[in-house]
Amino acid sequence: MSTSNALPSTRAGTHAIVYGGSMAGLMTAGLLSRHFDRITLVERDRFQNGPMPRKGVPQAQHVHGLLTRGMDILAGIFPGIREDIEATGAEFLDVIETTASFGSGTWRPRFRSDVKAASMSRLLLEWVVRQRLQALPNVRILDGREAVGLKTNGERTHVTGLQIQAPGGGQEETLEAELVVDSSGRGSRTPQWLEALGYPRVEETRIHVDVGYASRLYRQPRGFDPGWRSLAIAPRLPKERRIGIIQEIEDDRWLALVGGWLGDAVSTADDAAFLEFARGLPQPHLYEAIKNAEPLGPIHLYRFSHHQRRHYERMPRFPEGLAVVGDAFCSFNPIYGQGMSTGAMQAEALGGCLRQGVRGASNRYRRRAGEILAGPWALATAGDLAFPEVEGKRPPGFDLMRWYGNRFQQLAGYDEETMKTFVQVQHMIESPAAMFSPRMVLKVLTVDPDKATRNPGPRPLSISTQRVA
Ligand SMILES: Cc1cc2nc3c(=O)[nH]c(=O)nc-3n(C[C@H](O)[C@H](O)[C@H](O)COP(=O)(O)OP(=O)(O)OC[C@H]3O[C@@H](n4cnc5c(N)ncnc54)[C@H](O)[C@@H]3O)c2cc1C
């Protein structure tokens, strides 16, 4: 299932435009450079020369994990990017072996597996990808420009270009292209623009979860060895609502995140509130690790109100020459870490659709993207729909699936094969069907819940209780 080899190059046309220069846009522009003579990437923000925060991507200050599937596709678009990542000092860590993970009321087993993820910040990841894109000779980056409308043919059946201007006003300019790709994120205006062109309004599914994140950088205390490189303390849904993560990132730092569902979150960027919330997690390890650690910056807050899926695949009519990727198509509760990887999967699918030429590619792509999203959407929403307060249609068999899922998680608390399958499904390198193989079903039906809770996990350590070199 993994795609670590370079993705194919075929010529589909002369010029393509991608607007929105965050992860989905960067990957799509890189992918399209294999299919068009020229690519223009339009981004509203001015890019800085380094891994710096910017207004258009406020989430970049929070924990971001790129799943294995997303990494494989990224490496297919930009061959050699793993080496570029490693050259920054970031490491590819075995996620099962190096993460102390508490979930479903138990510490999970740790062992060597083939599931790896880069220990790096989102800011650095995006910067590495942007440098690779900038180095492509057929890519032009127009930053400090905002997409303000689509240009079409007279019949409005084909998108033929993009109208842009400096943010806040100024002279409008029109760029012509055979393909225009919207990667402008959750706030994308494609639904309104299509409606103004006479197309029906795209159907949208929203599931309100009111998830709050609070994140802070810490210096990793030299010589402090709690027995893990990353830490994840997840709640037992729907009884508990709080989550805590420490992600090791470049330059010997930790990015600590505490958050929760349905408004159970830190609401002020305040030291005491942050620590108090961390103390309320189901396990003390995160609190103990950060309580005496040196903070390296302020606390950043982020509020995510709802999952948002736009069903472009269901539209009865859609113009040629337009595609929507990334969060603009579907934006998930970030706790499940799927956004960048599904964006990568969509970019890959768009490339696949272009292999038959640009004609008809928009319609082939939106249907394919709709299919691709079904699995991640089901995974991400299944957990959240376990809360009785969360409104949304429960799929047929939902209660049975929850029952099975809970037992599967208990089994993952002591059975290595189950744990590995679970993580492989999470990382999208195994299909969710792997959780339902006859062998797994048998194991799940005979799970021993007591066995799961016997794993003591790592000792909670604070900097003052372990002498630091
Ligand atoms: C708190 C949080 C944590 C997350 N954690 C993870 C994680 O662990 N793993 C993961 O895979 N995903 C995670 N995500 C999701 C991830 O951030 C996104 O899926 C990812 O950034 C891809 O989104 P995107 O590129 O489609 O849009 P965005 O990242 O939202 O970027 C949109 C871009 O478009 C630009 N733009 C907007 N309008 C215009 C316009 N009119 N003209 C030109 N440019 C425009 C913006 O400036 C921005 O650069 C998280 C999200 C949040 C909120």
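Residues numbered from 1 in each chain as written. Predicted model: local features only at pLDDT ≥ 70, side-chain atom pairs only at ≥ 80, totals over all residues. Heavy atoms only, no water.

## Here we look at the overall build of the protein chain
For step 1, the next point in the chain: Along the backbone of the protein chain there are 14 helices and 18 strands.
For step 2, the next point in the chain: Against the compact-globule benchmark of 23 Å for 469 residues, the protein chain has a radius of gyration of 22 Å, which places it among compact chains.
For step 3, the next point in the chain: Overall, the protein chain is about 70 × 50 × 40 Å in size when its C-alpha atoms are taken along their principal axes.
For step 4, the next point in the chain: Accessible area for the protein chain stands at about 19800 Å²; split by element, carbon and sulfur atoms hold 49% of it.
For step 5, the next point in the chain: Computed over 57 positive and 51 negative side-chain charges, the separation of the two mean positions in the protein chain equals 2 Å. (Helix = DSSP H or I, 4+ residues; strand = E, 2+ residues; numbered from the N terminus. Rg over C-alpha atoms; globule rule 2.2 N^0.38 Å. Areas by Shrake-Rupley, 256 points an atom, 1.4 Å probe, with all protein chains shown as cover. Lys, Arg positive; Asp, Glu negative; His and termini not counted. Charge placed at Lys NZ, Arg CZ, Asp CG, Glu CD.)

## So, the site of the ligand
For step 1, the next point in the chain: Taken together, the neighbourhood of the ligand is formed by 33 residues, with Ser22, Glu43, His64, Asp327 and Met340 sitting nearest.
For step 2, the next point in the chain: At 2.9 Å from an oxygen atom of the ligand is found a side-chain nitrogen or oxygen belonging to arginine 54.
For step 3, the next point in the chain: Breaking the shell around the ligand down by element, the ones donating at least two residues are helix 1 (23-32), strand 2 (36-43), strand 8 (146-152) and helix 9 (339-354).
For step 4, the next point in the chain: When residues of the shell around the ligand are assigned to their parent elements, the largest contribution, three residues, is made by helix 9.
For step 5, the next point in the chain: Its residues assigned to classes, the shell around the ligand shows 10 nonpolar, 15 polar and eight charged. (Near = heavy atom within 4 Å. Polar contact = N/O pair within 3.5 Å; in protein donor to acceptor, adjacent residues only side chain to side chain. Nonpolar A, V, L, I, M, F, W, Y, C, P; charged D, E, K, R; others polar.)

## What about the side chain of threonine 418?
For step 1, the next point in the chain: Here threonine 418 shows up in helix 12 (residues 416-426).
For step 2, the next point in the chain: Setting aside its immediate chain neighbours within four residues, threonine 418 contacts Phe408, Leu411, Ala412, Met440 and Lys443. (Contact = heavy atoms within 4.5 Å.)

## Points about the sheet that holds strand 9 (residues 159-165)
For step 1, the next point in the chain: Taking strand neighbours across the sheet as the criterion, the three strands line up as 8-9-10 in an open arrangement whose pairing is antiparallel. Edge strands, defined here as strands with exactly one partner in the open sheet, are strand 8 and strand 10 (173-176). Each strand of the sheet is rotated relative to its neighbour by a mean of 30°, with strand direction disregarded.
For step 2, the next point in the chain: As judged from the four bridges shared by strand 9 and strand 10, these two strands associate in the antiparallel manner. Residue pairing in the sheet places glutamine 163 in a bridge with threonine 174 of strand 10. (Pairing = 2+ DSSP bridges. Axes fitted to C-alpha atoms, helices over the stretch in contact; angles between N-to-C directions.)

## Topic: the packing of aromatic side chains
For step 1, the next point in the chain: In this structure the tally under the stated criterion is 10 aromatic pairs.
For step 2, the next point in the chain: Where tyrosine 312 meets phenylalanine 318, the ring centres are 5.9 Å apart and the plane angle is 75°; that geometry is what we call edge-to-face. The burial state of tyrosine 312 is the same as that of phenylalanine 318; both residues are buried.
For step 3, the next point in the chain: Take tyrosine 312: its relative accessible area is 0%, and that puts it in the buried class.
For step 4, the next point in the chain: Taken together through their ring pairs, the aromatic side chains of Phe224, Trp228 and Trp254 make up a single cluster.
For step 5, the next point in the chain: The residue whose ring lies beneath arginine 242 is phenylalanine 277, and the NZ or CZ to ring-centre distance is 3.8 Å. (Phe/Tyr/Trp six-rings, centres within 6.5 Å; stacked < 30°, edge-to-face > 60°. Buried < 20%, exposed > 50% of the residue type's maximum accessible area, 1.4 Å probe, protein only. Lys NZ or Arg CZ within 6 Å of the ring centre and 35° of its normal.)

## Section: the packing of helix 2 (residues 68-77) against helix 9
For step 1, the next point in the chain: At their nearest, the axes of helix 2 and helix 9 sit 8 Å apart, and the two run at 40° to each other. Classified by the angle between their axes, helix 2 and helix 9 sit oblique to one another. Handedness of the helix 2/helix 9 crossing: left-handed. In this structure, helix 2 uses Arg69, Gly70 and Ile73 to contact helix 9, whose residues at the interface are Ser341, Ala344, Met345 and Glu348.
For step 2, the next point in the chain: Per-class residue counts for the contact of helix 2 with helix 9 are three nonpolar, two polar and two charged. (Parallel < 35°, antiparallel > 145°, perpendicular 65-115°, else oblique. Left-handed = near helix turned anticlockwise from the far one by under 90°.)

## Describing the pattern of salt bridges
For step 1, the next point in the chain: In the structure shown here, the tally under the stated rule is 35 salt bridges.
For step 2, the next point in the chain: Between arginine 54 and aspartate 45 there is a salt bridge, with its nearest N and O atoms 2.9 Å apart.
For step 3, the next point in the chain: Judged by relative accessible area, which is 12%, aspartate 45 ranks as buried.
For step 4, the next point in the chain: Of the charged contacts, one joins glutamate 126 and arginine 54 as a salt bridge, the two residues approaching to 2.7 Å between their closest N and O atoms. Taken together, the positions of glutamate 126 in helix 5 (residues 122-134) and arginine 54 in the loop between strand 2 and helix 2 put the pair 72 residues apart, joining distant regions of the chain.
For step 5, the next point in the chain: On the accessibility criterion, glutamate 126 (5% relative accessible area) is buried.
For step 6, the next point in the chain: Arginine 54 gets classed as buried once you look at its relative accessible area, which sits at 13%.
For step 7, the next point in the chain: Ionic contacts of the salt-bridge type, sharing partners, join the residues Glu43, Asp45, Arg54, Arg122, Glu126 and Arg130 into one network. (Salt bridge = Lys/Arg side-chain N within 4 Å of Asp/Glu carboxyl O.)

## Some remarks on the sheet that holds strand 13 (residues 230-233)
For step 1, the next point in the chain: With mixed pairing, eight strands are arranged side by side in an open sheet as 5-4-13-14-15-12-16-18. Edge positions in the sheet fall to strand 5 (106-107) and strand 18 (330-331), since each has one partner strand and no second.
For step 2, the next point in the chain: Pairing of strand 16 (residues 300-310) with strand 18 involves two bridges; the strand directions are antiparallel. Looking at strand 18, one finds that glutamine 308 is bridged to serine 331.

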